[in-house]
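# Observations on the model geometry
If you want the building blocks of each chain, they are given just below.
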Amino acid sequence: MLVSCAAYLDGQKVADLDIDRIPDYLRRPNCFVWVALHDPTAAELTDLQRVFALHPLAVEDAQAGHERPKIEEYGDSLFAVLHLVEPADGEFHVGEVAIFAGSNYVLSVRNNAQKGFQDVRARCEREPDLLRHGPGFILYALIDAVVDRYFPILELLEDELDAVEASIFAPKGVPRENIESLYALKQRLMVMKHAVAPLLEGISNLSGARVPPLCAGTSLYFRDVYDHLQRLNQTAESIRDTVATAISVNLSMVTLQENETMKRLAAYAALLAVPTMIAGIYGMNFEHMPELKWHYGYALSLAVMAALDIFLFFRFKRARWL
Amino acid sequence: MLVSCAAYLDGQKVADLDIDRIPDYLRRPNCFVWVALHDPTAAELTDLQRVFALHPLAVEDAQAGHERPKIEEYGDSLFAVLHLVEPADGEFHVGEVAIFAGSNYVLSVRNNAQKGFQDVRARCEREPDLLRHGPGFILYALIDAVVDRYFPILELLEDELDAVEASIFAPKGVPRENIESLYALKQRLMVMKHAVAPLLEGISNLSGARVPPLCAGTSLYFRDVYDHLQRLNQTAESIRDTVATAISVNLSMVTLQENETMKRLAAYAALLAVPTMIAGIYGMNFEHMPELKWHYGYALSLAVMAALDIFLFFRFKRARWL
Amino acid sequence: MLVSCAAYLDGQKVADLDIDRIPDYLRRPNCFVWVALHDPTAAELTDLQRVFALHPLAVEDAQAGHERPKIEEYGDSLFAVLHLVEPADGEFHVGEVAIFAGSNYVLSVRNNAQKGFQDVRARCEREPDLLRHGPGFILYALIDAVVDRYFPILELLEDELDAVEASIFAPKGVPRENIESLYALKQRLMVMKHAVAPLLEGISNLSGARVPPLCAGTSLYFRDVYDHLQRLNQTAESIRDTVATAISVNLSMVTLQENETMKRLAAYAALLAVPTMIAGIYGMNFEHMPELKWHYGYALSLAVMAALDIFLFFRFKRARWL
Amino acid sequence: MLVSCAAYLDGQKVADLDIDRIPDYLRRPNCFVWVALHDPTAAELTDLQRVFALHPLAVEDAQAGHERPKIEEYGDSLFAVLHLVEPADGEFHVGEVAIFAGSNYVLSVRNNAQKGFQDVRARCEREPDLLRHGPGFILYALIDAVVDRYFPILELLEDELDAVEASIFAPKGVPRENIESLYALKQRLMVMKHAVAPLLEGISNLSGARVPPLCAGTSLYFRDVYDHLQRLNQTAESIRDTVATAISVNLSMVTLQENETMKRLAAYAALLAVPTMIAGIYGMNFEHMPELKWHYGYALSLAVMAALDIFLFFRFKRARWL
Amino acid sequence: MLVSCAAYLDGQKVADLDIDRIPDYLRRPNCFVWVALHDPTAAELTDLQRVFALHPLAVEDAQAGHERPKIEEYGDSLFAVLHLVEPADGEFHVGEVAIFAGSNYVLSVRNNAQKGFQDVRARCEREPDLLRHGPGFILYALIDAVVDRYFPILELLEDELDAVEASIFAPKGVPRENIESLYALKQRLMVMKHAVAPLLEGISNLSGARVPPLCAGTSLYFRDVYDHLQRLNQTAESIRDTVATAISVNLSMVTLQENETMKRLAAYAALLAVPTMIAGIYGMNFEHMPELKWHYGYALSLAVMAALDIFLFFRFKRARWL
């Protein structure tokens, strides 16, 4: 589906176009065309492939659900694939945007994702000074928008992690469910890692020493994106590390809690076994058991039982067995 | 066993050949020969070694079961070894294909694997434009076919992993068997890692800055294979990481489950010990035990036992000990 | 808020300035201006951005809370962001200082941190020989001051770790609380890692082979900072490794301690079960039980009980079951 | 001890020599000398050091038991140290061979190892075409022989590991001994790692871009050795990873097995406690216990005990507690 | 404290000097001065800083206790800091030696360590051929001496580790104390790692492609030191890996041992519970219990108890529950 298609000259929009009229504008000097597609049909993509002379391998990647973000050079043009991560029902939904950028065109193909890039276009049109940089700047603006959307998602994961951590050491927590939460959290984190890490590598080529001509004037901007990606990557690493520790500590805390319970049950069992033993002794049928004849024998035996248990109870308390 | 042998000129098949007639075609300009062998005898390989002037070290690797994929340059020609992984009875069967590619020939030697490459030849013959690139393109087409066959195998592993994960947190799972499944899964994953990881390194040399002349016109295609391999590698890494966590979490869940059972048994034992103790007391043979004479002494004692156990039962329930 | 603003010529302060008068001094040869801001308003920053022609991306980073230290070149000028870590209530409070350094100015912007850099300015002014190196040296002096403040913080963590370690193997420790302490310690360590590690990378570019012109005369000093950062990083790594081992050993010691208790309770239970069994036997109501008629039957049975328990007690002691 | 010493010209052995006559042959053009020593005395080595002008540091390494394989250049000559690993009594015995190779000599010094290199010399002499490459080829042949001997040793470890793995999940295994086996296996693996890993690095310099002149004609052969070493290294890594997982899984399986036993014992104890409690109740001495007078009271009480236990037994079975 | 100070010419000592007379000798061609200090005062260092024109940053590092070994170039001169590790009371005491080496001087400053370098000086003076290489060789000799002292210390750790390992699998070991030993061992290993690892990096610059002029003639010697450091590093890594495995295996063995004990106690408890139950049954007070009247009832009941327990005892034995 065509979202929008416009021609720009000298930082200003000059026309909204039909796809048929793109070639006219591509021929004009300093003019470039910016096309945005959304879940396009094969026919739409084939049309634009012919118009912009896109490489078949890149078009194939833009069509098929590709699993790995990347930024590739095809001659003078650049081809980027980025993941669009959208939280939905406690899971992360992963869509994609493929961006083709040449000297006089930018084509973005969004697949399988809700939120579009109209806001990026609007902001670019508000700043002619920057838009004048041409397709290289638009490529930056789109990538920057995608990367900026990663931040709140990682913050979401951090908040969840904080919540789980708080309950690990809670005196009366329900830490068992935590393991499942942490396990799920780790898998969503993996989705983010797969969106960020390969991109980091790709972007570094657009901001380093040998920059493709298309990005020549905008390499400082790409360095900024690179810096954002590094922050994201570092945060993701931090979370991963903390999740691993939290899983293992949580498991241990649950085990300790169960052991604690076992210990207390065993201690109580011992408290019951003492009177049982004494009662057993005075339940024996020997003919000559003088205590049995004592008037206060029974009371005394009960007193001894109680005294022993009270003594043990406090000893157990002191030894933290109860 | 010779699978097929044909000569190509300008992207078109010009003849099916006997091995004897290969030298004629090798001499013709722009013509190249594509030979496919399957579990060849030493004699067949020696023949072709002479015809194509193959390096003895490479021929040796093509014959012996080699354990590590690789891509090597021998002067102007390239030699590739790839693993063919075929699932069979819950195990992975590993065969190999060795590919020799020179300026005017391609020789593929498949060992110890069922599925051949007839479909690759057919597809190449349908696209003369691409076939015109010569042996470099055929080398790509064969490698690409091998690599594409890795995807469903990794998906198989991912599906199995998902199934196991689902039962880790199932309330009434049989998680003990999971450990064995995960252990087996990890070993099959290792087979895939050993097929993919060394190839990644080898292919990077065919798509980077300094490409061998044979692949000069096809380096974008090899970059595409490289990209596929990176996706495979990333997926394999993901699975490996998840398997490790799943093993450890699963082990802990089993331990917790056993502890849970122990705890409940201990709690029930305590419930039995209380009446036993009381019964013991009234089983004592003291002469002066007034309760024994009470008319409702027995009933009362039973009531006390029941009351205590009911009280404890609910306390244990509330404390999650039962 | 403007902290101070002064012009320097030939290693000597020549004037305290208003922001308005900075341009005058920037024009004078060999003269440079050093401005220090503290939690500045957007307006203050915009003013100075115009005066020093700062890059908008850098200014944006100086304003927003940035999460990752870095050192970047913008043409001939340098832009550095560093973390200011201040311990507070057992947590680490993270502020930032952003430093802009050009050929004739240095601007430091401190955000969200208590302790300023007046002492750095004072020390620099006392050593005209060094101050003569210009903005590059001041950049060094500021970074050096920040890095030097990291040492006592890491020592704090080391001391805490030592304290916890001492109690892991203490015969009557309370090692359970240790896990929580170690967990918290690890998170504060993470804060330090995030302050140090990215800076290490940044500084290496100021002390290596290809130094920016601004730092040409001071690269030995930056190498010194680099060396300090490596020490910090190594210490942090050490602590991280030790914390991980300590957590796992501590968890195991707690488990062992609980198991120990269980074992002792079980052994005591066995000691009680022996007399209970014997008493049970002599509590049977068979008509023909000769022992029951013995005059010393009762005493003998008690003696047997005691003897068995004393024997078991010492055996258990010897086997370390008690 | 001198093992053998011969001069070669144009790929053919021309003479067996005494050490004294070596200098004559060194002077002849295209002629080279191949000397093999075995646990030499200091005097023997000193003699040959003078004859071949060996570097004192290299000679020192050849004499002393050196702990790390390496390949070093001394001017135009090469010096290699390799580990000879020989299995003996379930342990690995580590000897060494040091090889000095110059433009017209090869000297191999075997220390502390049983198996020599006579077979290498014999095979070389059978292939004059290859021997004509000179000392560089002999260096290759010796290294290749050493490396080829590593394969069966690693296979040994793999077989042992397979045997242990089979018993981890065996329903009635003795998995406790496994831990000790795996621990020992890991240490022998370490020995192999220390033989292979440093060599990998050393050989890469003989097969890469900048090859020493001595190996100029044989770099494809060294690449082949490098490939073998990579396979060994990969296998070793695999084993290491599997051993680590196997240890941890095995430990857990033992723990689970013990827990299982505890659980069953606890369940059986519960089965015994039920009749004990009932018997206790009817052992009480209350005067008014109507059941005691019933004619079938005793039989009924036994029936109730049996019924309860049978009921519990099947419930426990169903809950997998027994 | 000045340890010694001498001038050397052409590999021979020409004079023992006072510090005042050093400048005379520095001016003579081919002559160099070798000064050794031990825990010097600030004044002594300042004197020599002026004499040799040492860089203030280096002098500062030589004075303060520096925490990280390093080798740095200051113009044409080199500055090295090395750790001196001395075992004392089961701990490692870490001192330092700082070495300044220029074209005509060597200054070593030993801090906080007992053992000096008189033996190095003596050995150098015995070998004029080597001493003729000048300050570069002395730098090597000092570093080599420090590195050689690391070997026995690591061997100490290896021996301790072997001792602990032997007791992990001992049938009647006291493996609990092992954990503490291993933990302590790991921390001392850390001290060695911090001495060796940073040095490895530093030395590699003195033996590689681009060697500082000072070490031009001695780079083979520095390669030898580098090789020693690699061996040390590899050994340290091995120990570290083994310690980690040993800690975890040891913990598990202790847990298993405790579980084993618990299991046996539970099994014995079951053996006691069987007669207790039977005795309980015959202790019931039913009027009609025919067995009670049997003449051999009592004997029979005892026989049944014994028979059941003997039967269970052997079953438990066979099932390894006892």
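Residues numbered from 1 in each chain as written. Chains lettered and ligands numbered in written order. Predicted model: local features only at pLDDT ≥ 70, side-chain atom pairs only at ≥ 80, totals over all residues. Heavy atoms only, no water.

Here the focus is the sheet that holds strand E3 (residues 31-38) of chain B. Residue and element names in this part refer to chain B. The strand order E2-E1-E3-E7-E6-E5-E4 describes an open sheet built from 7 strands, whose pairing is mixed. A single partner strand is all that each edge strand has here, and the edge strands are strand E2 (12-16) and strand E4 (70-74). Mean inter-strand twist for the sheet, computed between neighbouring axes without regard to direction, equals 20°. Here strand E5 (residues 77-88) pairs with strand E6 (residues 91-102) via 11 bridges, running antiparallel. (Pairing = 2+ DSSP bridges. Helix = DSSP H or I, 4+ residues; strand = E, 2+ residues; numbered from the N terminus. Axes fitted to C-alpha atoms, helices over the stretch in contact; angles between N-to-C directions.)

The interface is formed by 48 residues belonging to chain D together with 51 residues belonging to chain B. Summed over both partners, the interface of chain D with chain B buries about 4,600 Å², with 61% contributed by carbon and sulfur atoms. Summed over the shared surface of chain D and chain B, the result is 4 salt bridges. Asp227 of chain D is the partner of Lys70 of chain B in a salt bridge, and the nearest nitrogen-oxygen pair spans 2.7 Å. (Contact = heavy atoms within 4.5 Å. Buried area = accessible area lost by both parts, 1.4 Å probe. Salt bridge = Lys/Arg side-chain N within 4 Å of Asp/Glu carboxyl O.)

Facing the 48 residues of chain B at the interface are 51 residues of chain A. Summing both partners gives a buried area of about 4,600 Å² for chain B against chain A, and 61% of it is carried by carbon and sulfur. Taken together, the connections running from chain B to chain A amount to 4 salt bridges. For Glu258 of chain A, the salt bridge identified is with Lys263 of chain B, shortest N-O distance 3.3 Å. For the side of chain B that touches chain A, the elements supplying multiple residues, two or more each, are helix H7 (150-168), helix H9 (219-282) and helix H10 (290-293) of chain B.

Of the two same-sequence chains, chain B is brought onto chain A (RMSD 0.2 Å, axial shift 0.1 Å) by a rotation of 72°. The transformation relating the two chain copies, once decomposed into turn and shift, fits a five-fold axis. Identified as the residue of chain B closest to the rotation axis by C-alpha distance is Gly283 of chain B, at 4.4 Å. Counting the interface residues of chain B, we find that no more than 17% of their copies in chain A are interface residues as well, pointing to two distinct contact surfaces. (Least-squares fit on C-alpha atoms with pLDDT ≥ 70 in both.)

Among the 12 residues in strand E6 (residues 91-102) of chain E, 9 count as buried, and that is most of the element. Counting the residues in the hairpin turn of strand E5 (residues 77-88) of chain E and E6 of chain E gives 2 residues, including Asp89 of chain E, whose phi is positive at 55°. (Buried < 20%, exposed > 50% of the residue type's maximum accessible area, 1.4 Å probe, protein only.)

Once that is clear, we can look at the pattern of salt bridges. Residues and elements named next belong to chain E. Enumeration according to the criterion identifies 90 salt bridges over all chains in this entry. Among the salt bridges present, the one from Lys263 reaches Glu260, with a minimum N-O distance of 3.5 Å. Of this pair, Lys263 and Glu260 are both found in helix H8 (residues 219-282), 3 residues apart, which corresponds to roughly one turn of the helix. Taking the relative accessible area as the measure of exposure, Lys263 reaches 4% and is therefore buried. Here Glu260 falls in the partly exposed class, since its relative accessible area comes to 21%.

Residue and element names in this part refer to chain A. Within the open sheet, the 7 strands sit side by side as E2-E1-E3-E7-E6-E5-E4. Their pairing is mixed. The open sheet has two edge strands, strand E2 (12-16) and strand E4 (70-74), and neither has a second partner. With direction set aside, neighbouring strand axes in the sheet form an average angle of 20°. Where strand E1 (residues 2-9) lies against E2, 4 bridges are found, and the strand directions are antiparallel. Of the residues in E2, the one forming a bridge with Ala6 is Asp16. Here helix H2 (residues 42-52) sits on the sheet and contacts E1, strand E3 (31-38) and strand E7 (105-111); the angle it forms with E3, its principal contact strand, is near 165°.

Right, let's get into the packing of aromatic side chains. According to the stated counting rule, one finds 70 aromatic pairs over all chains in the structure shown. With 4.9 Å between their ring centres and 35° between their planes, Phe286 of chain A and Tyr282 of chain C make a pair best called tilted. Taken as a pair, Phe286 of chain A in the loop between helix H9 (219-282) and helix H10 (290-293) and Tyr282 of chain C in helix H8 (residues 219-282) lie in two separate chains rather than in one. On the accessibility criterion, Tyr282 of chain C (16% relative accessible area) is buried. Seen in terms of ring centroids, Phe169 of chain C and Tyr183 of chain E are 5.5 Å apart; in terms of plane orientation they differ by 70°. Their pairing is edge-to-face. Here Phe169 of chain C, found in the loop between helix H6 (135-168) and helix H7 (175-207), pairs with Tyr183 of chain E, found in helix H7 (residues 175-207), and the two come from separate chains. You'll find Phe169 of chain C and Tyr183 of chain E in the same group, each marked buried. Here the aromatic cluster, defined as three or more aromatic residues joined through ring pairs, consists of Phe137, Tyr140, Tyr221 and Phe222 of chain A. Seen from the ring of Trp34 of chain A, Arg121 of chain A lies directly overhead, with NZ or CZ sitting 4.3 Å from the centre. (Phe/Tyr/Trp six-rings, centres within 6.5 Å; stacked < 30°, edge-to-face > 60°. Lys NZ or Arg CZ within 6 Å of the ring centre and 35° of its normal.)

Residues and elements named next belong to chain C. Secondary-structure assignment places His38 in strand E3 (residues 31-38). We classify His38 as buried; its relative accessible area is 18%. Along the primary structure His38 and Ala141 are separated by 103 residues, whereas in three dimensions their C-alpha atoms are 18 Å apart. Contact partners of His38, with chain neighbours within four places excluded, come to Met1, Val3, Arg110 and Ala113. A polar side-chain atom of His38 sits 3.2 Å from a polar atom in the side chain of Asp39. Of note is the side chain of His38, whose polar atom sits 3.5 Å from the side chain of Arg110. (Polar contact = N/O pair within 3.5 Å; in protein donor to acceptor, adjacent residues only side chain to side chain.)

To continue, consider the packing of H8 of chain E against helix H10 (residues 297-318) of chain E. Residues and elements named next belong to chain E. Put simply, H8 and H10 touch, their axes get as near as 10 Å, and they point 160° apart. As the angle between them shows, H8 and H10 are arranged roughly antiparallel. The two elements H8 and H10 meet at a crossing, and its hand is right-handed. Within the contact between the two elements, H8 uses Ala267, Ala270, Leu271, Val274, Pro275, Ile278, Ala279 and Tyr282 and H10 uses Ser301, Val304, Met305, Leu308, Asp309, Leu312, Phe313 and Phe316. (Parallel < 35°, antiparallel > 145°, perpendicular 65-115°, else oblique. Left-handed = near helix turned anticlockwise from the far one by under 90°.)

Attention now moves to the relation of the copies chain D and chain B. These two copies of the chain differ by a rotation about an axis and a displacement along the same axis. Rotating chain D by 72° and moving it 0.1 Å along the rotation axis overlays it on chain B with an RMSD of 0.2 Å. An overlap of only 17% is found between the interface residues of chain D and their copies at the interface of chain B, pointing to separate contact surfaces.

Now for a negative patch on the surface. Side chains of Glu67 of chain A together with Glu155, Glu158, Asp159 and Asp162 of chain B sit close together on the surface and give a patch of like negative charge. Mapping Glu67 of chain A onto the fold places it in the loop between helix H3 (56-63) and E4. (Patch = residues over 30% accessible without salt bridge, like charges linked within 9 Å, V, L, I, M, F, W, Y side chains within 5 Å. Areas by Shrake-Rupley, 256 points an atom, 1.4 Å probe, with all protein chains shown as cover. Lys, Arg positive; Asp, Glu negative; His and termini not counted. Charge placed at Lys NZ, Arg CZ, Asp CG, Glu CD.)

Moving on, we get to helix H2 (residues 42-52) of chain D. All names here are of chain D. Within the sequence span of H2, burial applies to Leu45, Leu48 and Phe52. The arc enclosing the buried residues of H2, seen along the axis, measures out at 65°, which places them on a common side. If you follow the buried residues of H2, they end up packed against helix H1 (22-27), strand E3 (31-38), helix H3 (56-63) and strand E7 (105-111). One or two steps after H2, the chain reaches Ala53, where phi turns positive at roughly 55°. (Arc of directions from axis to C-beta.)

Structurally, the position occupied by Thr245 of chain B is in helix H9. Note on Thr245 of chain B: relative accessible area 13%, which makes it buried. At 2.6 Å, the side chain of Thr245 of chain B forms a polar contact with the side chain of Lys186 of chain A. With near-sequence residues (within four places) excluded, Thr245 of chain B lies in contact with Tyr183, Lys186 and Ile247 of chain A.

Such coordinate-based values are descriptive only and should not be taken to indicate function.
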